Amino acid sequence: MPSKEQFAALVHELVTRLMESPSLEPVDLQSIPESPGLYAAWLHDKQDCLYVSSAKSLRTQISDALTGDRHKNDLAIRIYDRYVHPLRSAQASTRAVNKLTREWMLDHVTFTCVHLERREHPRALSHAIRIMRPSLHHPHRPGRAT
Amino acid sequence: MSYQDLADQISQAPAAGLAQRRSLPNVSGIYAVWLDDKTELLSLGRTAKLRRAIDALYTKPRQSSMMALRLYDKYVHPLRPPQASTEDVNALTRRWIAEHIHFTYVEVPWPDTQQALRELLHALQPAVHAGRL
């Protein structure tokens, strides 16, 4: 078990990697590792950090987000509410709006990720959120996305 | 009981709302989701635990409930302020559902619910069910 100082240094290094690593092209899902870890979603090419979360499988979680299925994915509904909602037609079906959300994400969102054992996720995630200040997180509960 | 009897029963039962959900039995069955006081049948579902399913209908946010998302897209979307946060839109959706959504149900043994739901979907044609988006 690392000491508090060791853990803080480890998290700092992880967050630096999350912020500085080249963003993954979302279409290239095979390049995303299947291991557990933290991931960050960015607007355009790392212009603005939108969202930070943990995943049991980074590839599965990011693939699920990119389906645009707002009823299954917190990132997708937050992107819809912030960016896609003004672009939809009033009469559009749920399926059509999910598709629009997916297309918007593929055009505008990139990801970075770092491997991290699951037992470290809660503490590391709350540190990462505090440092990176993702813009789509709940302002009053910064450690939680929902 | 025939499927026509089930369709009649679920259509003619008095509609219940948010206030009645806690007194529901936790039994298996088919439930119907209605707009306002049964002006339109929106959806049908099957469940092993009725109370839990109805509770989810009134409480789950859009990012974990297909029904809440469909109701948002069809009815709540025009009412939201353009800059509202996800939390605000979820709260607005929850309030709209509490005010406008009612339900009826029939108890059906769990192994029979799949076939019963299929027959009832065919007979009653709900407006926002998965196949009709």
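The residue numbering used here restarts from 1 in each chain and proceeds along that chain's sequence as written. Starting at A for chains and at 1 for ligands, labels are handed out in the order in which the entities are written. Only residues with pLDDT of at least 70 are given local features in this predicted model, and only at 80 or more are side-chain atom pairs given and counted; all residues enter the totals for whole chains, interfaces and linings.

Per the convention used, a helix needs a DSSP run of H or I reaching at least four residues, while a strand needs a run of E reaching at least two, with both numbered from the N terminus. A tally of regular secondary structure across chain B gives five helices and three strands. Its helices and strands in sequence order give chain B the pattern α-β-β-α-α-α-β-α, from N to C terminus. A compact globule built from 133 residues should have a C-alpha radius of gyration of about 14 Å, and chain B, at 15 Å, falls within 12% of that. Judged by the C-alpha coordinates and their principal axes, chain B covers about 50 × 30 × 25 Å. Every C-beta atom is placed from the backbone, and the number of other C-beta atoms within 10 Å of a residue's own sets its class: buried at 20 or more, exposed at 12 or fewer, partly exposed in between. Buried positions account for 35% of the 133 residues belonging to chain B. Throughout, a pair of residues is in contact if the C-beta atoms placed from their backbones lie within 7 Å. Here the contacts in chain B between residues at least 6 apart in sequence split such that 69% fall between residues at least 24 apart. Each radius of gyration is computed over the set of C-alpha atoms, and the globule rule expresses the reference value as 2.2 Å times the number of residues to the power 0.38.

Scanning chain A from terminus to terminus reveals five helices and three strands. When the helices and strands of chain A are read in sequence order from the N terminus, they spell out α-β-β-α-α-α-β-α. Out of the 146 residues in chain A, the part that is buried amounts to 37%. In chain A, 66% of the contacts between residues at least 6 apart in sequence involve partners at least 24 apart.

The next thing to look at is helix H4 (residues 86–100) of chain B. An ideal rise of 1.5 Å per residue puts 21 Å on 15 residues; H4 of chain B measures up with 21 Å between its terminal C-alpha atoms. In this structure, the buried residues of H4 of chain B make contact with helix H3 (74–84) of chain A together with helix H2 (50–59), helix H3 (66–76) and strand E3 (101–107) of chain B. For a helix, the expected span equals 1.5 Å multiplied by the residue count minus one.

Attention now goes to the packing of H3 of chain A against helix H4 (residues 94–108) of chain A. Residue and element names in this part refer to chain A. Every axis in this analysis is a line fitted to C-alpha atoms, fitted for helices over the stretch in contact. Angles between the N-to-C directions lie between 0 and 180 degrees. The interhelical angle for the contact between H3 and H4, taken along N-to-C directions, is 85 degrees, at an axis separation of 10 Å. Classified by the angle their axes make, H3 and H4 are roughly perpendicular. Contact residues: H3 offers Ala76, Ile79, Tyr80, Tyr83 and Val84, while H4 offers Leu100, Thr101, Trp104 and Met105. Any residue that is not Ala, Val, Leu, Ile, Met, Phe, Trp, Tyr, Cys, Pro, Asp, Glu, Lys or Arg is counted as polar, Gly included; the first ten are nonpolar and the last four charged. The residue makeup of the contact of H3 with H4, split by class, is eight nonpolar, one polar and no charged. Here the angle decides the label: under 35 degrees means roughly parallel, over 145 means roughly antiparallel, 65 to 115 means roughly perpendicular, and every other value means oblique.

This part takes up the sheet that holds strand E2 (residues 40–47) of chain B. Residue and element names in this part refer to chain B. Here, any two strands with at least 2 DSSP bridges between them count as paired. As summarised here, the arrangement of the three strands in space is E2-E1-E3, forming an open sheet in which the pairing is antiparallel. If you trace the sheet from one side to the other, it starts and ends with E2 and E3, each paired once. Taking each pair of neighbouring strands and ignoring which way they run, the sheet shows an average axis angle of 20 degrees. Examined bridge by bridge, strand E1 (residues 29–35) and E2 share seven bridges and lie antiparallel to one another. The partner of Trp34 across the bridge, within E2, is Leu41. Across the face of the sheet, helix H5 (residues 110–124) comes into contact with E1 and E2 while running at roughly 170 degrees to E2.

This brings us to the nonpolar core. With 34 residues, the main nonpolar core has Leu38, Tyr39, Ala40 and Ala41 of chain A as its most contacted residues. Elements supplying a minimum of two residues to this core: helix H1 (4–20), strand E1 (37–43), strand E2 (48–55), helix H2 (58–65), H3, strand E3 (109–115) and helix H5 (121–132) of chain A. No other element matches the six residues that H3 of chain A contributes to this core. Excluding residues that lie within four positions of it along the chain, Ala40 of chain A makes contacts with Leu18, Cys49, Tyr51, Val52, Phe111, Thr112 and Met132 of chain A. Joined through C-beta atoms within 7 Å, a set of buried Ala, Val, Leu, Ile, Met, Phe, Trp, Tyr and Cys residues constitutes a nonpolar core. If you look at the next biggest cluster of nonpolar residues, it comprises 30 residues, including Ala7, Ile10, Leu41 and Tyr105 of chain B.

In this assembly, 15 residues from chain A lie in contact with 16 residues from chain B. At the level of elements, H3 and H4 of chain A are the ones that each hand at least two residues to the side of chain A that touches chain B. For the side of chain A that touches chain B, the leading source of residues is H3 of chain A, giving four residues. Grouping the amino acids of the side of chain A that touches chain B by side-chain chemistry returns four nonpolar, six polar and five charged.

The predicted coordinates should not be examined in detail at positions where pLDDT is low. As a per-residue measure, pLDDT reflects the predictor's confidence and takes values from 0 up to 100. The share of residues in chain A with pLDDT of 70 or more is 90%, and the mean pLDDT across the chain is 85. Contacts for the low-pLDDT stretch residues 142–146 of chain A, under 50 throughout, to residues beyond four places or in other chains number 14 contacts.

Let us now look at the sheet that holds E3 of chain A. Backbone-to-backbone hydrogen bonds join strands into a sheet, with any given pair of strands oriented parallel or antiparallel. All names here are of chain A. The antiparallel open sheet is built from three strands, whose spatial order is E2-E1-E3. Two strands lie at the open edges of the sheet, namely E2 and E3, each paired on one side alone. Sheet twist, expressed as the mean angle between neighbouring strand axes with direction ignored, is 20 degrees. Across seven bridges, E1 lies against E2 in antiparallel orientation.

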